[in-house]
Amino acid sequence: MTILTQIAPAHAQVLAAIHAVAFPPDERWDAAAMAELLAMPGTFGLIADAEGFILARVAADEAEILTLAVLPARTRQGLASQLLAATLRIAKAAGAAAMLLEVAEPNLAARGLYAVFGFGEVGRRRRYYADGSDALVLRLDLS
Ligand SMILES: CC(C)(COP(=O)(O)OP(=O)(O)OC[C@H]1O[C@@H](n2cnc3c(N)ncnc32)[C@H](O)[C@@H]1OP(=O)(O)O)[C@@H](O)C(=O)NCCC(=O)NCCS
């Protein structure tokens, strides 16, 4: 079982390094972007051995996944599932009644993961991503 560590501002560089390998070039977030996200009220995150991480935010009774990434060499080993399960528990404990997120329509890996957790489609943002693909808005009831 991988150890999950709570993300701190000092992790910004390693988060950017994982993100750069997991996402296409035009969707990458650098260390400055990570630091900015980590400074926002309600943001929290978990990192798994510098091989995967998740960032989320709780605002009032709703929570949102900001990003989730696993190194390609470590995918399909349950890392994202561990990160997501722990994040859902934290968000629920913080008072969130629902978890929301956006996922690119062609991203079948992420959509497969979210389907396993019971997320359902509640909206669509047309041409949301740099490659022109739509974002699907997914929601999971936490109550
Ligand atoms: C999406 C991502 C986070 C999944 O991470 P992971 O650690 O491989 O996920 P898990 O091993 O926990 O997978 C859990 C389940 O999700 C589904 N899943 C994961 N990857 C999949 C794929 N490539 N194709 C289809 N289903 C997939 C499967 O049901 C899987 O269970 P199984 O392996 O027993 O079949 C990872 O592929 C990634 O970082 N991708 C690039 C960045 C990204 O797209 N992030 C999400 C943005 S919203």
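Here's a quick rundown of the structure. Please read these numbers as outputs of a predicted model, since none were measured by experiment.

**Comments concerning the site of the ligand**
Point 1. Around the ligand, 21 residues are found, and the nearest of them are Leu 68, Arg 76, Gly 78, Ser 81 and Asn 107.
Point 2. The backbone of Leu 68 places a nitrogen or oxygen atom 2.7 Å from a nitrogen atom of the ligand.
Point 3. When contributions to the shell around the ligand are tallied by element, the ones reaching two or more residues are strand S4 (62-70), helix H3 (79-93), strand S5 (98-104) and helix H4 (108-116).
Point 4. When residues of the shell around the ligand are assigned to their parent elements, the largest contribution, 6 residues, is made by H4.
Point 5. Taken together, the residues of the shell around the ligand break down into 13 nonpolar, 6 polar and 2 charged.

**Considerations on the environment of Ala 33**
Point 1. Turning to its location among the elements, Ala 33 is positioned in helix H2 (residues 31-39).
Point 2. Judged by relative accessible area, which is 26%, Ala 33 ranks as partly exposed.

**Considerations on the nonpolar core**
Here is a general trend for soluble globular proteins: nonpolar side chains tend to be buried in one another's company.
Point 1. Core analysis: the biggest nonpolar cluster contains 29 residues, and Ile 65, Leu 68, Leu 84, Ala 91, Met 99, Tyr 114 and Phe 119 have the highest contact counts within it.
Point 2. Looking at this core, the elements with two or more residues in it are strand S2 (43-48), strand S3 (52-59), S4, H3, S5, H4 and strand S7 (135-141).
Point 3. Among residues more than four places away in sequence, those in contact with Leu 68 are Phe 23, Phe 53, Ile 54, Ala 80, Leu 83, Leu 113 and Tyr 114.
Point 4. Judged by nonpolar contacts, the second largest core, of 14 residues, contains Ala 16, Leu 37, Leu 55 and Ala 69.

**Looking at helix H1 (residues 12-22)**
Point 1. Among all positions in H1, only Ala 12, Leu 15, Ala 16, Ile 18 and His 19 are buried. With its buried residues spanning 165° around the axis, H1 presents them on a single face.
Point 2. On the buried face of H1, the contacting elements are H2, S2, S3 and S4.

**A closer look at the environment of Gly 132**
Point 1. In this structure, Gly 132 sits in the loop between strand S6 (120-125) and S7.
Point 2. Each C-alpha atom, one on Gly 132 and one on Pro 24, is 13 Å from the other, the two residues being 108 residues apart in sequence.

**Some thoughts on the packing of H1 against H2**
Point 1. Packing of H1 against H2 leaves a shortest axis separation of 8 Å and a crossing angle of 120°. Considering the angle they form, H1 stands oblique to H2. For the pair H1 and H2, the crossing hand works out as right-handed. Contacts from Ala 12, Gln 13, Leu 15, Ala 16 and His 19 in H1 reach Ala 31, Met 34, Ala 35 and Leu 38 in H2.
Point 2. Class assignment for the residues of the contact of H1 with H2 results in 7 nonpolar, 2 polar and no charged.

**Points about the packing of aromatic side chains**
Point 1. Per the stated rule, a full pass over the model turns up 2 aromatic pairs.
Point 2. Ring centres of Tyr 114 and Phe 119 lie 5.4 Å apart, and the angle between their planes is 65°; this geometry places the pair in the edge-to-face category. Residue Tyr 114 shares its accessibility class with Phe 119, and that shared class is buried.
Point 3. Judged by centre distance (5.0 Å) and plane angle (85°), the rings of Tyr 128 and Tyr 129 are edge-to-face.
Point 4. The class for Tyr 129 is buried, based on a relative accessible area of 17%.

Criteria and thresholds
- Residues numbered from 1 in each chain as written.
- Predicted model: local features only at pLDDT ≥ 70, side-chain atom pairs only at ≥ 80, totals over all residues.
- Heavy atoms only, no water.
- Near = heavy atom within 4 Å.
- Polar contact = N/O pair within 3.5 Å; in protein donor to acceptor, adjacent residues only side chain to side chain.
- Helix = DSSP H or I, 4+ residues; strand = E, 2+ residues; numbered from the N terminus.
- Nonpolar A, V, L, I, M, F, W, Y, C, P; charged D, E, K, R; others polar.
- Buried < 20%, exposed > 50% of the residue type's maximum accessible area, 1.4 Å probe, protein only.
- Core = buried A, V, L, I, M, F, W, Y, C linked by side-chain atoms within 4.5 Å.
- Contact = heavy atoms within 4.5 Å.
- Arc of directions from axis to C-beta.
- Axes fitted to C-alpha atoms, helices over the stretch in contact; angles between N-to-C directions.
- Parallel < 35°, antiparallel > 145°, perpendicular 65-115°, else oblique.
- Left-handed = near helix turned anticlockwise from the far one by under 90°.
- Phe/Tyr/Trp six-rings, centres within 6.5 Å; stacked < 30°, edge-to-face > 60°.

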